[in-house]
Amino acid sequence: MFALPGSAMDVLENMEGDNVLNLSRMNLETLAALEDMSEEKRKETHQLLLTHNRFTVFPGNVAHLSNLLFLDISSNGLAHICDQILGLSKLKTLIAKNNRMDEFSLPKDFGKMNLEVVNFSGNRFEEVPPQLLELQRLKSLSLGGNRLKTIPAEIENLTSLELLYLGGNGIQSIPPELANLPYLSYLGLCDNHIQGLPPQLAQLNSLRSLSLHNNLLTYLPQEILNLVHLQELSLRGNPLVVRFVKDFIYNPPSLLELAGRIVKSRNFQYSRKDMPANLVSYLDSASKCPNPKCAGVYFDSCVRHIKFVDFCGKYRLPLMHYLCSPQCYSPCSSNSQSDCDSDEEFNIPQHRMQKVLLG
């Protein structure tokens, strides 16, 4: 870090790296120093850091930095953003965490900006400002640690959104319109008062991480299994941890599959001399049932099943695996870690498991 300057011009020399002006932790209330900045330096400045100062109103002369791409004005007393910010036509990232802003703090035309990342966590928003819902290029929106009670249905307007973080609010329900975000890959809804999930969330085909810990969830919709790209699901601190859905939809096997199961389970020999090549390929595609008590196989028809396993003696970890039929549940007790936690039973391919975080 640099030493505190003795004059305004000294401040302007504190360029950290290429095109970065760092004026954080300097007890500033205004940005008079920018008035003395040369036109060349203004154009060269792409990142401006103003964190931990004393700005209560957005410093309008920041608009002099016409090529600014990144602005962080977190941890001030900021309560209002003035119209001058609209002059920052190239600004992509705006971070204003831990301030005093609410839904009346933004200029009317804020939604016309070209912002891609907005982080207003740790403020006083009781509603999502409508201007934020007009940012057509927005990819990341963070409003954690505010006072939100609802998520507006108009959230579906943010069709470019990839990350949405709303943790640490007072949200009680999720609108089905949230499922209309085709690129959403991270959804953070932890530390709220959510009691249920709309089944429409299964339409979030790009979703990879879903954070739901510390809510009031007592069940999960079966449709959540359709989130085929989901890699991480955080559920700790919810009532459903001890009432997890165990049984899911099972489509009965076709006659072809029933015949194939008999051939495989009885070890009948076959070759391309005995049957068409497509049937040989089909028989070769059989998957062994992971239940060690079962010698069966399955092809297309299987049961997605949640198996509870004691984890470190503290949590009952639900793992999803595939069984050959609804009658094929493992008979061992979920309270016996030594019996149920064997490598043989849970040697399941990684792509068939959901990662559930409970601790």
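Residues numbered from 1 in each chain as written. Predicted model: local features only at pLDDT ≥ 70, side-chain atom pairs only at ≥ 80, totals over all residues. Heavy atoms only, no water.

Helices and strands together make up the secondary structure of the chain, namely five helices and 15 strands. When the accessible area of the chain is evaluated, it comes to approximately 17900 Å², of which 49% is carbon and sulfur surface. (Helix = DSSP H or I, 4+ residues; strand = E, 2+ residues; numbered from the N terminus. Areas by Shrake-Rupley, 256 points an atom, 1.4 Å probe, with all protein chains shown as cover.)

Following the criterion strictly, the structure yields four salt bridges and no others. Linking Glu 29 and Arg 54 is a salt bridge whose minimum nitrogen-to-oxygen distance equals 3.3 Å. With Glu 29 in the loop between strand S1 (20–22) and helix H2 (39–44) and Arg 54 in the loop between strand S2 (47–49) and strand S3 (70–72), the pair connects residues that are 25 residues apart, well separated along the chain. For Glu 29, a relative accessible area of 47% puts it in the partly exposed group. (Salt bridge = Lys/Arg side-chain N within 4 Å of Asp/Glu carboxyl O. Buried < 20%, exposed > 50% of the residue type's maximum accessible area, 1.4 Å probe, protein only.)

Among the surface-exposed residues, Arg 100, Arg 124, Arg 147 and Lys 149 lie close enough to one another that they form a single positively charged patch. Mapped onto the elements of the fold, Arg 124 is located in the loop between strand S5 (117–119) and strand S6 (140–142). Its relative accessible area of 38% is what places Arg 124 among the partly exposed residues. (Patch = residues over 30% accessible without salt bridge, like charges linked within 9 Å, V, L, I, M, F, W, Y side chains within 5 Å. Lys, Arg positive; Asp, Glu negative; His and termini not counted. Charge placed at Lys NZ, Arg CZ, Asp CG, Glu CD.)

Within helix H4 (residues 277–284), the full set of buried residues consists of Val 280, Tyr 282 and Leu 283. Seen along its axis, H4 keeps its buried residues to an arc of 160 degrees; they face one direction. Of the exposed residues in H4, the ones pointing more than 90 degrees away from its buried face are Asn 278 and Asp 284. In this fold, the buried residues of H4 make contact with helix H3 (255–265). (Arc of directions from axis to C-beta. Contact = heavy atoms within 4.5 Å.)

Let us look at the side chain of Thr 93. Mapped onto the fold, Thr 93 is located in strand S4 (residues 93–95). If we ignore the near neighbours within four places in the chain, the residues touching Thr 93 are Leu 69, Phe 70, Leu 71, Leu 115 and Val 117.

A separate point is the packing of aromatic side chains. Tallied over the full model, the rule gives three aromatic pairs. With a centroid separation of 6.4 Å and an interplanar angle of 40 degrees, the aromatic rings of Phe 110 and Phe 120 are classed as tilted. Taken together, the positions of Phe 110 in the loop between S4 and S5 and Phe 120 in the loop between S5 and S6 put the pair 10 residues apart, joining distant regions of the chain. Every member of this aromatic cluster is reached through a ring pair, and the members are Phe 110, Phe 120 and Phe 125. (Phe/Tyr/Trp six-rings, centres within 6.5 Å; stacked < 30°, edge-to-face > 60°.)

Let us look at H3. Regarding H3, the residues found buried are Glu 257, Gly 260 and Arg 261. Seen along its axis, H3 keeps its buried residues to an arc of 105 degrees; they face one direction. In the core, the buried residues of H3 are packed alongside H4 and strand S12 (297–298). Where H3 ends, the next residue or the one after it, Asn 267, has phi of about 60 degrees, a positive value.

On to the confidence of the model for the chain, then. Taken over all residues, the pLDDT of the chain has a mean of 81, while the share at 70 or more is 76%. Note on residues 309–317: pLDDT is under 50 here. Beyond four places in sequence and across chains, it has 27 contacts. Note on residues 330–354: pLDDT under 50 across the span, and 46 contacts to partners over four residues away in sequence or across chains. (pLDDT = per-residue confidence, 0-100.)

Formed by 68 residues in total, the largest nonpolar core has its most connected members in Val 62, Phe 110, Phe 120 and Leu 132. Residue contacts for Val 62: discarding those within four places in its chain leaves Leu 31, Leu 34, Leu 48, Leu 50, Leu 68, Leu 71 and Leu 88. (Core = buried A, V, L, I, M, F, W, Y, C linked by side-chain atoms within 4.5 Å.)

Now for the packing of H3 against H4. It is at 10 Å that the axes of H3 and H4 come closest, and there the two elements cross at 70 degrees. Viewed along their axes, H3 and H4 adopt a mutual orientation that is roughly perpendicular. Crossing angle aside, the handedness with which H3 passes H4 is right-handed. When H3 is examined against H4, the residues Leu 256, Glu 257, Gly 260, Val 263 and Lys 264 are found in contact with a partner set consisting of Leu 279, Tyr 282 and Leu 283. (Axes fitted to C-alpha atoms, helices over the stretch in contact; angles between N-to-C directions. Parallel < 35°, antiparallel > 145°, perpendicular 65-115°, else oblique. Left-handed = near helix turned anticlockwise from the far one by under 90°.)

Mapped onto the elements of the fold, Leu 138 is located in the loop between S5 and S6. We classify Leu 138 as buried; its relative accessible area is 0%. For the pair Leu 138 and Met 113, spaced 25 residues apart in sequence, the C-alpha to C-alpha distance is 9.6 Å. Setting aside chain neighbours within four positions, we find Leu 138 in contact with Leu 115, Glu 116, Val 117, Val 118, Leu 132, Leu 158, Ser 160 and Leu 161.

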